[in-house]
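Residues per chain are reported as follows:
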Amino acid sequence: MSIMKTLICIIGLVAEPRFIWPNLKKHVVGVLGADVCMATARGHLPSDEFDLKYAFEYDEEYGDLHGAYDFMRECENGKEWRDLKVIGDNWLRPLGNIEEGTGGITLFYKWFLWKNLKEHNLLNEYDQFVITRGDYLHVADIIQPVKDRILIPGYEFHGGMCDRMAIVPQEYISQFLRLGTSIVLEPEKLLETYNKQGWPHIRIRKGWNGETFTCIMVMNAGLGNKTSFYKPTMFTASTNPPPGRFHHTMYCGIHKCYLRYRNEYRCVMDNIKNGDCNFIYINYNINWSYIDPESNQVVGKIS
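Now for a look at the structure at hand. Note that the coordinates shown come from a computational prediction; the quantities given were computed from them, not determined experimentally.

**Notes on helix α2 (residues 66-76)**
Of all the positions in α2, only His66, Ala68, Tyr69, Asp70, Met72 and Glu76 are classed as buried. On its buried side, α2 packs onto β3 (54-58), α3 (103-119) and α5 (182-185). Positive backbone phi, approximately 55 degrees, marks Asn77, located one or two places after α2.

Structure follows, in structure tokens:
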């Protein structure tokens, strides 16, 4: 059990709580002796399965985040953000059509989580915050938090860094959760950054995804030298086939589930097989153009 007081923060939907919770409880909550909270759309809280200490619900139309960003703008006394839609790919989506991507859901709910943690005076109550999604299947014990480091899973780079999970010390939690506020506070600066195309991790595909945007904002916020990558122990999974846009899925007989990202699963299984789960990379190189041979996607690879 961790000696640091930790809050597990689940953002977004938990489609299959009875499938996800037992492993989350065993390999994360129990290992860290943590409390659990969730930030999600109203009406989507798990009924009895999750032992939630805090629950924060937002009234949204799932599938269209126009209203969510407008809400962020109002709360932050921000600016009109819609000109940013010229930056393609899925970093802001969904904006009316969920089949076009969901990168913006994670982005918005990080900010919504911060808003509620602040309003409930919880930002100083915990030493560490584990920001995660509700569709991760944890198959080995989570890494122990590091006092002064943001820890990011060392896989699924997709032109930036994984935006689905992070372990963040109290010192950096507000900065990290508020990375998305640049959408409404500095939209002109974001457009300028995009048009420069000077970032070393820019994607081959035109536009940004959640991973690219997260990487750029982490660097802009001065958190790059406070961030480390580690070998993760979880992968996204479901007992039912994922939506049609995830056409590279496969069924895993070992864990009796469908894998959303094959490369993600292989990385975790290799970590377990090699006995180096949760290893923190010190000196490393990232091959940003590495293509997963099965899905033919540019996922990146660390070594």
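**What to know about the side chain of Lys110**
Here Lys110 is to be found in helix α3. It turns out Lys110 is buried and unbridged, and the closest side chain with the opposite charge, Asp163, is 5.4 Å from it. With near-sequence residues (within four places) excluded, Lys110 lies in contact with Ile11, Ile131, Asp163, Phe176 and Leu177.

**Examining the pairing of β3**
Alternating positions in β3 separate cleanly, Tyr54, Phe56 and Tyr58 being buried on one face and Ala55 and Glu57 remaining unburied on the opposite face. One ladder, built from five bridges, connects strand β2 (residues 35-41) with β3; its direction is parallel. Residue Met38 lies in a different strand from β3, and its bridge partner there is Ala55.

**Details of the packing of α2 against α3**
As a packed pair, α2 and α3 sit with axes 11 Å apart at the nearest point and diverge in direction by 35 degrees. In this structure, α2 crosses over α3, and the sense of that crossing is left-handed. Of α3, the residues touching α2 (which contributes Ala68, Tyr69, Phe71, Met72, Cys75 and Glu76) are Gly104, Leu107, Phe108, Trp111, Phe112, Trp114 and Lys115. Here the residues of the contact of α2 with α3 are counted per class, giving ten nonpolar, one polar and two charged.

**Concerning the pairing of strand β8 (residues 227-230)**
Side chains Thr227 and Phe229 project from β8 onto one buried face, and the interleaved Ser228 and Tyr230 project onto a second face that is buried too. Here strand β6 (residues 150-153) runs beside β8; their pairing, made up of four bridges, is parallel. Bridging from a neighbouring strand, Ile152 pairs with Phe229 of β8.

Quick notes on the rules
- Residues numbered from 1 in each chain as written.
- Predicted model: local features only at pLDDT ≥ 70, side-chain atom pairs only at ≥ 80, totals over all residues.
- Heavy atoms only, no water.
- Buried < 20%, exposed > 50% of the residue type's maximum accessible area, 1.4 Å probe, protein only.
- Helix = DSSP H or I, 4+ residues; strand = E, 2+ residues; numbered from the N terminus.
- Contact = heavy atoms within 4.5 Å.
- Lys, Arg positive; Asp, Glu negative; His and termini not counted.
- Salt bridge = Lys/Arg side-chain N within 4 Å of Asp/Glu carboxyl O.
- Pairing = 2+ DSSP bridges.
- Axes fitted to C-alpha atoms, helices over the stretch in contact; angles between N-to-C directions.
- Left-handed = near helix turned anticlockwise from the far one by under 90°.
- Nonpolar A, V, L, I, M, F, W, Y, C, P; charged D, E, K, R; others polar.

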